[in-house]
Amino acid sequence: MKFLNAEPFRIKVVEPIKKSTRAEREKWIEDAYYNVFKLKAEHVYIDMLTDSGTTAMSSNQWAGMMRGDESYAGAKSYFKFEKAAQDILGFPYVQPTHQGRAADFIMSQLYAKNGGYIPGNMHFDSFKGHAEVAGSIPVDLIVEEGRTANTLDHPFKGNMDVTKLKALIDEKGKDNIPLIIMTVTCNGNGGQPVSMANIKEVSAIAKKYGIPFMIDAARFAENCYFIKKREVGYKHKTVKEITLEMFSYADGCVMSSKKDGMVNIGGFICTRHKELVPMLNLLAIVNEGFITYGGQSGRDLEALAIGLDEGTEEDYLEYRIEQVKYLGDELHKRGVPIIKPTGGHGVYIDARKFYPHIPQGEFPGQAMVVELYRTGGVRGVELGSCAFSKKDPETGEVTFPELDLVRLSISRRVYTNRHMDVVVNSLADVYERRHEMKGLKLIYEGPILSLRHFTAKFKLL
Ligand SMILES: *Cc1c(COP(=O)(O)O)cnc(C)c1O
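Right, let's walk through the structure included here. None of these values were measured; they are calculated from a predicted model.

### Some remarks on the overall build of the protein chain
Working step 1: Per the secondary structure count, the protein chain includes 16 helices and 16 strands.
Working step 2: A compact globule built from 461 residues should have a C-alpha radius of gyration of about 23 Å, and the protein chain, at 22 Å, falls within 12% of that.
Working step 3: Considering only C-alpha atoms, the protein chain reaches an extent of 60 × 55 × 45 Å along its principal axes.
Working step 4: Put simply, of all contacts in the protein chain between residues at least 6 apart along the chain, 71% involve residues at least 24 apart.

So, in structure tokens, the structure goes:
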């Protein structure tokens, strides 16, 4: 019943956020060299920089924090977390880590140390980095419909192209493929879901060739909710049942708890193979801390145990996915060129369509981010010619990515749809004034091109 469809929580604790004037924001963003990473968070009214680690915890989680057992070894909170991970994900062995990328590191040490190719739908940066450091080559095999530029409506744009996967195995030989990874939802193309059919098919191929199959599970609950809503045969199953089925096809998973774990920090790695556990524990001990805390405090583990349960509840997931869709639909109604359909955790805007008169060398995405901040105090992030340009090491020639995107991520349980209305009105106002807008000039890059979006300084043109 649509009229019953408000947020499935009421607010017990509030965190004031500061409204500001356009004049103040113009000064703050100038002081930040037109890079929103350099803004003070208190100068942001609605923060849509990321959905990572920004979740609002529930009263139950906060109560759990007080029960956190801070014993060095064998803490009660560890066993609570271990049981939650076993019950909800279905893997028998679990190792906590300080965040998701530490689990990526352990996975790369277990599987990616002896070279070879690692196919995935679209690998997340932190695993890509670890694979390359370990000496193997990550390969993205996303389906054609899932390429970010492709605006076709398709229910599972996160799927892996199975034909390309088979071709890669044939070409390189199964001994040169140490691991296959599926990222759910697919972060790299906007939180697009992967279907159960695709996971099953990839798992069957992996089994046939004896290749381990892992799931990068940061947004697993959002993915399972999409399966329930969009895939034939899942309507009458609960998200918790779908979750167990999904993970049953994999050898293990890596998790960033900062997303669907519903907490602000933490991660873990799971496996169903007992023989891997000693190495997994050892890698954790040298990098994270003792096995039963893995870089997290007891209270973190306690909150995570509760968060895994809350994050797979359907009322919550319905509100979550509907809120993302609401933001996308309202922006679309106002003419703003968004990437469709909206995925699990945010809305992406096509900056080259938004500002066709601003060349990529003048950063149309960054220009939109800056003007959105100045207009409404809303902080989004550029994923375009600042974040993803490449430079030829010999000639110094710069190539721009095909797309200049701006991402507006939605934090879990943090903002109401009234806040989303502010975002819509602000961006629609920026869009109405688009013809007056100019681009930016990059005046400082920082030490590493691929990380320059964190360090770049700009001036207005
Ligand atoms: C965030 C994320 C990671 C890395 O996790 P951190 O907790 O940020 O270290 C890995 N994979 C995916 C898909 C992610 O979204």
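### Topic: the side chain of serine 20
Working step 1: As for its placement among the helices and strands, serine 20 is situated in the segment before helix 1 (22-31).
Working step 2: Look past the residues within four positions of serine 20 in its chain and what remains in contact with it is Arg25 and Trp28.

### Overview of the nonpolar core
Working step 1: Ranked by size, the top nonpolar core spans 60 residues in total, and within it Phe81 and Phe220 carry the most contacts.
Working step 2: In contact with phenylalanine 220, not counting residues within four places along its chain, are Ile88, Leu89, Val184, Thr243, Met246, Phe247, Met255, Asp260, Leu308 and Thr312.
Working step 3: Grouped together as the second largest cluster of nonpolar side chains are 51 residues, Val347, Val369, Leu427 and Phe458 included.

### Description of the packing of aromatic side chains
Remark: the centre distance and the inter-plane angle together describe each pair of aromatic rings, the angle taken between the planes.
Working step 1: Counting across every chain of the model gives 12 aromatic pairs.
Working step 2: Taking 5.2 Å as the distance between ring centres and 75° as the angle between the ring planes, the aromatic pair formed by tyrosine 78 and phenylalanine 79 counts as edge-to-face.
Working step 3: Of the residues examined, tyrosine 78 reaches a relative accessible area of 5% and is grouped as buried.
Working step 4: Judged by centre distance (5.3 Å) and plane angle (70°), the ring pair of phenylalanine 363 and phenylalanine 458 falls under edge-to-face. With a gap of 95 residues between them, phenylalanine 363 in the loop between helix 13 (351-354) and helix 14 (364-376) and phenylalanine 458 in strand 16 (residues 457-460) connect regions that are remote in the sequence.

### As for the site of the ligand
Working step 1: Taken together, the neighbourhood of the ligand is formed by 14 residues, with Gly100, Arg101, Asp216, Ser256 and Lys259 sitting nearest.
Working step 2: One of the backbone nitrogen or oxygen atoms of glycine 100 is found 2.8 Å away from an oxygen atom of the ligand.
Working step 3: Measuring from an oxygen atom of the ligand, one finds a side-chain N or O atom of lysine 259 at 2.9 Å.
Working step 4: A total of 380 Å² of accessible area belongs to the ligand in isolation, and the protein chains cover 98% of it.
Working step 5: Top contributing element to the shell around the ligand by residue count: helix 4 (residues 100-111), with 3 residues.
Working step 6: Within the shell around the ligand, the residues separate by chemical class into 2 nonpolar, 6 polar and 6 charged.

### Some points on a nonpolar patch on the surface
Working step 1: Where nonpolar side chains cluster on the molecular surface, the patch consists of Tyr33, Ile443 and Tyr444 and spans about 290 Å² of accessible area.
Working step 2: When you line up the elements, tyrosine 33 lands in the loop between helix 1 and strand 1 (46-47).
Working step 3: Exposure remark for tyrosine 33: the relative accessible area of 36% places this residue in the partly exposed category.

### Here's the deal with the pairing of strand 5 (residues 180-183)
Working step 1: Alternating positions in strand 5 separate into two faces, Ile180 and Met182 on one and Ile181 and Thr183 on the other, with burial throughout.
Working step 2: Pairing geometry for strand 5 and strand 6 (residues 213-216), over 4 bridges, is parallel. Note on strand 6: the bridge partner recorded for isoleucine 181 is methionine 214.
Working step 3: As a crossover connection, the stretch from strand 5 through helix 7 (residues 196-209) into strand 6 is right-handed.

### Focus: the sheet that holds strand 11 (residues 381-383)
Pairing between the strands of a sheet is mediated by backbone hydrogen bonds and can be parallel or antiparallel.
Working step 1: The 3 strands lie next to each other as 9-14-11, forming an open sheet whose pairing is antiparallel. Every other strand in the sheet has two partners, leaving strand 9 (346-350) and strand 11 as the edge strands with one partner each. For this sheet, the mean angle separating the axes of adjacent strands, direction not counted, is 30°.
Working step 2: Pairing of strand 9 with strand 14 (residues 405-409) involves 5 bridges; the strand directions are antiparallel. Across the sheet, isoleucine 349 pairs through a bridge with valine 406, a residue of strand 14.

### A few points about the packing of helix 12 (residues 314-333) against helix 15 (residues 417-432)
Working step 1: At a minimum axis separation of 10 Å, helix 12 and helix 15 run at an interaxial angle of 25°. One element, helix 12, and the other, helix 15, form an angle in the roughly parallel class. Of the two elements, helix 12 crosses helix 15, and the hand of that crossing is right-handed. In this structure, helix 12 uses Gln323, Tyr326, Leu327, Glu330 and Leu331 to contact helix 15, whose residues at the interface are Asn417, Met420, Asp421, Val423, Val424 and Leu427.
Working step 2: Looking at side-chain class alone, the contact of helix 12 with helix 15 contains 7 nonpolar, 2 polar and 2 charged residues.

Rules and cut-offs
- Residues numbered from 1 in each chain as written.
- Predicted model: local features only at pLDDT ≥ 70, side-chain atom pairs only at ≥ 80, totals over all residues.
- Heavy atoms only, no water.
- Helix = DSSP H or I, 4+ residues; strand = E, 2+ residues; numbered from the N terminus.
- Rg over C-alpha atoms; globule rule 2.2 N^0.38 Å.
- Contact = heavy atoms within 4.5 Å.
- Core = buried A, V, L, I, M, F, W, Y, C linked by side-chain atoms within 4.5 Å.
- Buried < 20%, exposed > 50% of the residue type's maximum accessible area, 1.4 Å probe, protein only.
- Phe/Tyr/Trp six-rings, centres within 6.5 Å; stacked < 30°, edge-to-face > 60°.
- Near = heavy atom within 4 Å.
- Polar contact = N/O pair within 3.5 Å; in protein donor to acceptor, adjacent residues only side chain to side chain.
- Areas by Shrake-Rupley, 256 points an atom, 1.4 Å probe, with all protein chains shown as cover.
- Nonpolar A, V, L, I, M, F, W, Y, C, P; charged D, E, K, R; others polar.
- Patch = residues over 30% accessible without salt bridge, like charges linked within 9 Å, V, L, I, M, F, W, Y side chains within 5 Å.
- Salt bridge = Lys/Arg side-chain N within 4 Å of Asp/Glu carboxyl O.
- Pairing = 2+ DSSP bridges.
- Right-handed = clockwise from strand over helix to strand, strands pointing away.
- Axes fitted to C-alpha atoms, helices over the stretch in contact; angles between N-to-C directions.
- Parallel < 35°, antiparallel > 145°, perpendicular 65-115°, else oblique.
- Left-handed = near helix turned anticlockwise from the far one by under 90°.

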